[in-house]
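Chain residues, written in single-letter form:
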Amino acid sequence: MAEAADIQGTGPSPARRWLRRTITVAFGAPLLAGLLQAPVVASPAAAEDATGSRTVDVSLDTLTPSAPVEGDTVTVTGTVTNRGKKTVTDATVNLRVGPRMTSRSEIEQVTGRTGFRNDSDPAPLEDAPTVKIPRLGAGLSADFSLSVPVSELGLDEEGVYQLGVSLTGQTSDRQYDRVLGIERTFLPYEPEAAEKKTQLTYLWPLIASAHVSAETATDDQQTPVFENDDLAAELRPGGRLDQLVALGKDLPVTWVVDPDLLASVDAMANGYRVKDGDRDVPGRNQAVAERWLDALEKAVQGHKVVALPFADPDLASLAHRGKDVPGSLGHLQSATALAGMTVETVLHVPASTDFAWPADGAVDPSIVAVATSAGADKVIARSDSVRDDLPYTPTAARPLGNGSTTAVVSDALLSTAFEGDMVRTENSTLAVQKFLAQSLAITLEQPEDQRSIVVAPQRMPSVAQAQSMATALEGLSGKRWTQPTDLLAAAAAKPDPDASTAVPSSSRYPKKLRDRELPVQAFRDMKTTRDELDDFKVVLTQPERVVTPFGNAIDREMSTSWRGEARAAAIYRNDVLDYLQTLTKGVQLVDKSDLTLSGRSATIPVTVQNKLLQGVDGLVLRLTSANKNRLELDGDGYAERPVKVGGGHSQSVKFTASANVNGQVPMTAQLYTEDGTPYGQPMNFTVRVSEITPTVMLVIAGGVLLLVLAGVRMYSQRKRVAARNAEAEAAEDGTVEEGPASEPGQDEPGEEEPGRDEPVQPSDPTPDTPDTGSESGGPSGPGEKVDR
């Protein structure tokens, strides 16, 4: 009654107001609210809710075949679930087919509908099978399956048809038949092959997040150390990367590969280690990596392979935040140079490195400039960025900007078709049918003209998303309206003269993408690491053992996979820099205590310690006197010595010092590279100069002379006493004869047995005195005196 009043556009009369009050008393306020609606045209949402058409959730789990032809039987299975609070009775599940879609935009409009619409949803198929559900309690579900021959679906001609599954029934508060739930999908119908098939290129991305650290083991092979062992879970049977390989090997796709993933898995296959707290332990998934690489190598045979720059750098972040930080663009060039070589080494197939792929295909002038700065002349964009104001979908390839760059514009609707949650069977089925419908609609837009379109899906699809993508491509296997081609052929296709070639302005770059970019600080951190690496490598005898792992780690720091992972990205960057600084500190000066210089000249030793496993060369040690008038070094205020130290050794570098005036002199020792760049921290100590004067020397000499004379006198006295004692003993025994010489073996008068009763000097060596050990490389002790 209210609906009739709305249509007539008349207000309620007094009699009808009285009637409504009576009905309110009888049936309650809920019905009154419906009867008192203002006389306005109902909105689409209100029209959907008018019959409670969302009371029951209709789920479509399968639709086979996805693209039927004459003679096929279409089967739809699914589930109906009562989401309301009332029991549904006398329900019927049936099919509704039609109308035929006339454009891609109409397909999108139907996708957005939820409840039943009398004005757009067709009537149930006549004489078609139905499913009866006598009773469906609140919160309960029931399965259904409907099968109808294509000949009974009313498909008059080729095209995309709306297919709906609805539930009609009653509830205790409304005991009359009405549509309580509906789900719509699409049925692409092309019984015969089209004369001009659309060429379709599907990119199959093989990309993962960064897992390898900058650390390596101490063995000759430099076994890589992984941040964690999470990559193994993706490689195992059933894992994400395993499924991408297993599904992609039988599909007509172009493989888009991040070389860093291949290098990481190859490293695993040859033995790797994994961080475990403050240590690292052997990796346990070598066989898993070997199996995956073998499967991938077989899968890519006969397919085109496109290699992204090493570690898939975030081109938009680099363009918007990093290009003004010196050296950032240089890493893009090295990453591009490494890409093709890595793919060919690991997979033994050639790879194209001519393509750049910004995140989500969004471009602006700065992104295009950066993307092509490293040698790529083709940019994979997307149609929601490079927009065409045309009533049809143009060919993907077209010259961009000044014509030196080719834009390969992927179709946005097809590229984003499987970005949602594809774990639910219903979501996957609906996404597949929509993808097939959109692809057929493209062909039917201009059936007389053949066009080439490209699909660039999300970079790292989940297992469920990859399976849905594969199902959609299998639905096109009949090649009735599309034929597969590769990305290289798509880029070389003849451009549509009416397609847009303008580069979108920076203001049109999506804010949600800009907010997920790497910050400027990230590129500053990379520069700090790069600068310290440059200073470090010049002093190493085997610089490649450090340059390669750290260079790759810096490439990983600007990976697109860090989008939305700001904290994890910062931790990775800090770990790389901390480890590099740990290595650089392995070459250092050993701290010295203060020294005392007694005399006009002496030698000052400074020890350089190398804790690295390889030797260092090309270092210069400079010792500087803060007061050259008091203490000179090589006749000047400073002196330099070249330094070359083997791995795990120390070297004592000696400087000649000359004192002029007594007093304390601060000294500074600093290592430099050969180009004059300071290396490490300076080491400071103090030299106390205490010069000995001529008068002091005379006093010392006199004292020494007196000591010598006293010793001679004591020696003579001892000789005389010994002689007298001998004569006395001989006289008492009566054996002393005058005149004859002593018998052999007897001591001459006045002589002593050598060494007997002589005082031993502290400086004399004895059989128990140990040999002097090698010079200590440790810190000097207190009161250390310099060599003279």
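Residues numbered from 1 in each chain as written. Predicted model: local features only at pLDDT ≥ 70, side-chain atom pairs only at ≥ 80, totals over all residues. Heavy atoms only, no water.

Turning next to the overall build of the protein chain. Each helix and strand counted, the protein chain has 21 helices and 30 strands in total. Restricting to contacts in the protein chain with at least 6 residues of sequence separation, those with at least 24 account for 77%. Counting every atom, the protein chain has about 38900 Å² of accessible surface; 50% of that belongs to carbon and sulfur. (Helix = DSSP H or I, 4+ residues; strand = E, 2+ residues; numbered from the N terminus. Contact = heavy atoms within 4.5 Å. Areas by Shrake-Rupley, 256 points an atom, 1.4 Å probe, with all protein chains shown as cover.)

So, on to the pattern of salt bridges. Inspection of every chain in the model, using the stated rule, returns 31 salt bridges. The shortest N-O distance in the salt bridge between Arg240 and Glu234 comes to 2.6 Å. Residues Arg240 and Glu234 agree in their burial class; the two are buried. Ionic pairing is found between Asp388 and Arg398, a salt bridge with its closest N-O pair at 3.2 Å. Of the two residues, Asp388 is situated in the loop between strand 16 (378–382) and strand 17 (397–400) and Arg398 in strand 17; the sequence distance between them amounts to 10 residues. Among the charged side chains, a salt-bridge network with shared partners connects Asp314, Arg321, Glu517 and Arg563. (Salt bridge = Lys/Arg side-chain N within 4 Å of Asp/Glu carboxyl O. Buried < 20%, exposed > 50% of the residue type's maximum accessible area, 1.4 Å probe, protein only.)

Turning our attention to a nonpolar patch on the surface. A surface patch of nonpolar side chains, about 320 Å² in accessible area, is lined by Leu705, Leu706 and Leu709. Looking at where Leu705 falls in the secondary structure, it is placed in helix 21 (residues 694–733). Residue Leu705 is classed as exposed on the basis of its relative accessible area, which comes to 52%. (Patch = residues over 30% accessible without salt bridge, like charges linked within 9 Å, V, L, I, M, F, W, Y side chains within 5 Å.)

All right, on to empty space enclosed by the protein then. Tallied over the full model, the rule gives five cavities of 30 Å³ or more. Where the lining of the largest cavity is concerned, the elements lending two or more residues are helix 11 (328–347) and strand 15 (355–356). Classifying every residue of the lining of the largest cavity by side-chain character gives eight nonpolar, two polar and no charged. The wall of the second largest cavity is formed by Ala208, Ser209, Ala210, His211, Leu231, Asp258, Asp260, Leu261 and Ser264. Among the elements that make up the lining of the second largest cavity, the one with the highest residue count is helix 8 (residues 259–269) (three residues). Split into classes, the residues belonging to the lining of the second largest cavity amount to four nonpolar, three polar and two charged. (1 Å grid on protein atoms, 1.4 Å probe; cavity = no way out; pocket = protein on both sides within 12 Å on 5 of 7 lines; lining within 4 Å. Points joined across faces, edges and corners; volume = space filled by probe spheres on them. Nonpolar A, V, L, I, M, F, W, Y, C, P; charged D, E, K, R; others polar.)

The subject of this paragraph is the environment of Leu595. Within the element layout of this structure, Leu595 appears in strand 22 (residues 595–597). On the accessibility criterion, Leu595 (0% relative accessible area) is buried.

This part is about the packing of helix 10 (residues 315–322) against helix 11. Here helix 10 crosses helix 11 at 160°, and the two axes come no closer than 10 Å. For the element pair helix 10 / helix 11, the angle class is roughly antiparallel. Relative to helix 11, the crossing made by helix 10 is left-handed. Residue-level contacts link Leu315, Leu318 and Gly322 of helix 10 to Ser328, Leu329 and Leu332 of helix 11. Residue composition of the contact of helix 10 with helix 11, by class: four nonpolar, two polar and no charged. (Axes fitted to C-alpha atoms, helices over the stretch in contact; angles between N-to-C directions. Parallel < 35°, antiparallel > 145°, perpendicular 65-115°, else oblique. Left-handed = near helix turned anticlockwise from the far one by under 90°.)

What follows covers the nonpolar core. Among the nonpolar cores identified, the biggest contains 76 residues, and Leu621 and Leu631 are the most heavily contacted of them. Among the elements that make up this core, the one with the highest residue count is helix 20 (residues 566–584) (six residues). In contact with Leu621, not counting residues within four places along its chain, are Leu589, Val606, Val608, Ala639, Glu640, Arg641, Val643, Val653, Phe655, Ala669, Gln670 and Leu671. Within the second largest apolar cluster, 66 residues are counted, among which are Leu206, Leu244, Ala470 and Leu476. (Core = buried A, V, L, I, M, F, W, Y, C linked by side-chain atoms within 4.5 Å.)

Moving on, we get to the side chain of Gln162. Relative to the assigned elements, Gln162 resides in strand 6 (residues 159–171). Assessed through its relative accessible area of 2%, Gln162 is described here as buried. Leaving out residues up to four positions away in the same chain, Gln162 has contacts with Arg96, Val97, Gly98, Pro99, Met101, Val110, Arg113, Ser120, Asp121, Pro122, Arg184 and Thr185.

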